[in-house]
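Chains, contacts and geometry: an overview
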Amino acid sequence: MNNRTFLSPRVIVSAIKWLVLASIIAWVALSFPKRDWEILVQQPKNWWWLLLALSMVVCANILSFWRWQRLLLALEVPITFLETIRLGFLGVAFNMVSAGSVGGDLFKAIAAASRSKNRRTEVITSVLVDRAIGMLGLIIVAALSTTLAKNLSPQLLAIRNAAWILSIIGLLGISGLILFGKSLPLDLFKRIPWVGDKLHRIVLSCLVFKDRPQLSITMILQSLCVHSALTVAVWMLSSALYSDNAIRPKLLEHFLAVPPALLAGTLPITPGGIGLQEVGIDRLFKQIPTVSREFSGLIVGTMYRAVLLAVALIGGITYLVSRPDPVGDDSND
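Structural notes, computed from the coordinates. For every chain, the first residue of the written sequence is number 1, and numbering continues from 1 onward in sequence order. Predicted model: local features are reported for residues with pLDDT of at least 70 only, side-chain atom pairs are reported and counted for 80 or more only, and whole-chain, interface and lining totals are derived from all residues. Working from all heavy atoms in the structure, the side-chain values ignore hydrogens and water.

**Focus: the overall build of the chain**
Put simply, the rule is: In this text, helices come from DSSP runs of H or I with a minimum length of four residues, and strands from runs of E with a minimum of two, each type numbered from the N-terminal end. Only protein chains enter the calculation, and the probe is 1.4 Å; a residue is then buried if its accessible area is under 20% of its type maximum, exposed if over 50%, and partly exposed in between. Every residue pair with non-hydrogen atoms within 4.5 Å of one another is taken to be in contact.
When you go through the chain residue by residue, the secondary structure sums to 13 helices and zero strands. Each helix and strand of the chain, ordered N terminal to C terminal, gives the series α-α-α-α-α-α-α-α-α-α-α-α-α. Sorting the 333 residues of the chain into buried and exposed places 48% on the buried side. Residue pairs at least 24 apart in sequence account for 74% of intrachain contacts in the chain once pairs closer than 6 positions are excluded.

Here you go:
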C-alpha cells in the first residue's frame, strides 16, 4: 500500500471515527461510578423483566420491518414479510458496527437491491424514506411526551421546542406531498442528461405518499408505536434493575429521557451510537427533578445496549440461517 492510499481522506476519516469511539468508550468507562458498576454486576436482577424487555425490542423491530414492507409494496416492489424481516435483521446486526444507529440501513439497502432486479432504485430509496418516517415518529414521541410533563428543565424545554418545530415541519412536508405532489413537473428530471431517468425514479419514490395519504398516516402511527415500545422496553429494564418504586422512575419520566437519547444515538459519530446513547439517557434522567438521585441512567443505558447487542445477534443468526426470497422481477436495472 502506497502512502497516498494509506493517507487517503477515507482512511483518515475512518481513523478519526474509530479514535472518537475509543475516546468515548474510555471516557464512559472511566466515568462509570464504582457504585453503579457494582449495582450493574452484583445487584439481583429480575430476569423476567429482562426477557420482556428483549421481547419488546424484537417486536418493535419487526413492526418497523412491516412498515418498510408496506412502503416497498406501494413502490411496486414485490417482497414477502419474511424477507423484510430477514433483511431488516441484517440492518440491525450491522447497526452495531456502523456509524450511528442507522448505518445498518446501508447494508440492508445493498442486500435488498442486489436481488431487486429492475427495482433497485426504488428499493434503495425506500430505505431512506422509511428511515425518515421512523425519525419523524421518534421526534413526535419526544414532542408529545415532553408536552405532557410539567416543570421541565431548560434543557428539556429546548428539546420539547425543537421536537415540536421538527415535527410540524415533517408533517407539513408530508401534507404538502399529498396535496401538491401530483401537480409537480416531475418530467423535467427526465431531461437531465445521463442521470435524468434515475433521478426521475428517485423523486417518484420519494413522492410515494402523493397518491396514498392513508399509507403516510399508517407508517407514522407505526413509527410512534415502534419508538413507544422501545421506551417501554427501557422502563422494563429499569424495573429489572430497580425493584424499589421510590428509586425507579415512572413510565412518563422514561418518555422524557429515552426518545431524545435515542435521537442522539442516530448521530453518525460512533458505531451503533455507542457511548452517546448511554450518556444521553443518563444526562436526561438527571434533568428530571422527580427522579431519585439513587437511580443511574448510565446503568439502564448500558443494560439497554446489552439488549441491543442480543437483538443484533438474533438478527445475524436469522439472516444467516433463513432462506432468501427473491425481491422484484427478473429484468436488470
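**A few points about the packing of aromatic side chains**
Rules: The rule is short: rings of Phe, Tyr and Trp, with Trp giving its six-membered ring, pair when the centres are within 6.5 Å, and they are stacked under 30 degrees, edge-to-face over 60, tilted in between.
Tallied over the full model, the rule gives four aromatic pairs. Ring geometry for Trp-49 and Trp-235: centres 5.4 Å apart, planes at 80°, overall edge-to-face. Of this pair, Trp-49 sits in helix 4 (residues 47–74) while Trp-235 sits in helix 10 (residues 213–241); the two residues are 186 residues apart in sequence, bridging distant segments of the chain. By relative accessible area, Trp-49 is classed as partly exposed at 26%. Seen from their ring centres, Tyr-242 and Phe-295 are 5.1 Å apart, and the 50° between their planes marks the pair as tilted. Highlighted residues: Tyr-242 in the loop between helix 10 and helix 11 (251–265) and Phe-295 in the loop between helix 12 (276–286) and helix 13 (297–321), separated in sequence by 53 residues. Here Tyr-242 and Phe-295 have matching classes, each one buried. Aromatic rings pair up to connect Tyr-242, Phe-285 and Phe-295 into one cluster.

**Examining helix 4**
Note on helix geometry: an α-helix contains 3.6 residues per turn, so any two residues three or four positions apart are oriented the same way. Worth spelling out the cut-off: Any helix carries an expected span of 1.5 Å times its number of residues minus one. Pairs of N or O atoms within 3.5 Å make up the polar contacts considered here, provided that, within protein, one atom can donate a hydrogen while the other can accept it, and that residues adjacent in sequence are counted only when both atoms are side-chain atoms.
Compared with the 40 Å implied by 1.5 Å per residue over 28 residues, the 41 Å span of helix 4 between its first and last C-alpha is a close match. Looking at where helix 4 begins, the residue whose side-chain oxygen comes 3.1 Å from the main-chain nitrogen of Trp-48 is Asn-46. Phi turns positive, to about 65°, at Glu-76, one or two residues after helix 4.

**Details of the packing of helix 4 against helix 7 (residues 120–148)**
Packed helix pairs are characterised by how far apart their axes lie and by the angle those axes make with each other. The condition is simple: Interaxial angle, 0 to 180 degrees, is taken between N-to-C directions of lines fitted to C-alpha atoms, where a helix line uses only the stretch in contact. Should an angle fall under 35 degrees it is called roughly parallel, over 145 degrees roughly antiparallel, and 65 to 115 degrees roughly perpendicular, with every other angle called oblique. Should the near helix be turned anticlockwise from the far one by less than a right angle, the crossing is termed left-handed; should it be turned clockwise, right-handed. The classification used treats Ala, Val, Leu, Ile, Met, Phe, Trp, Tyr, Cys and Pro as nonpolar, Asp, Glu, Lys and Arg as charged, and all other residues, Gly among them, as polar.
Contact pair helix 4 / helix 7: the axes reach a minimum separation of 10 Å and the direction vectors enclose 130°. The angle between the axes of helix 4 and helix 7 places the two elements in the oblique class. Relative to helix 7, helix 4 is oriented so that their crossing is right-handed. Side by side, helix 4 and helix 7 meet where Ser-64, Arg-67, Trp-68, Leu-71 and Leu-72 of the first sit next to Val-123, Ser-126, Val-127, Val-129, Asp-130, Ile-133 and Gly-134 of the second. When its residues are assigned to classes, the contact of helix 4 with helix 7 shows seven nonpolar, three polar and two charged.

**So, helix 10**
For helix 10, spanning 29 residues, the distance from its first C-alpha to its last is 43 Å, which sits close to the expected 42 Å at 1.5 Å a residue. The element helix 10 is largely enclosed, with a buried count of 21 among its 29 residues.

**Some remarks on unusual backbone geometry**
Its identity is not glycine, yet Glu-76 carries a phi of approximately 65°, on the positive side. Residue classification places Glu-76 among the exposed residues on the basis of a relative accessible area of 58%.

**Notes on the nonpolar core**
Convention followed: For our purposes a nonpolar core is just a set of buried Ala, Val, Leu, Ile, Met, Phe, Trp, Tyr and Cys residues, chained together by side-chain atoms within 4.5 Å.
Membership of the largest hydrophobic core comes to 72 residues, with the highest contact counts inside it found for Val-57, Leu-237 and Tyr-304. Element by element, the count of residues in this core is highest for helix 10, at 14 residues. Excluding residues within four positions of it along the chain, Tyr-304 makes contact with Val-57, Leu-230, Val-234, Leu-237, Leu-262 and Gln-277.

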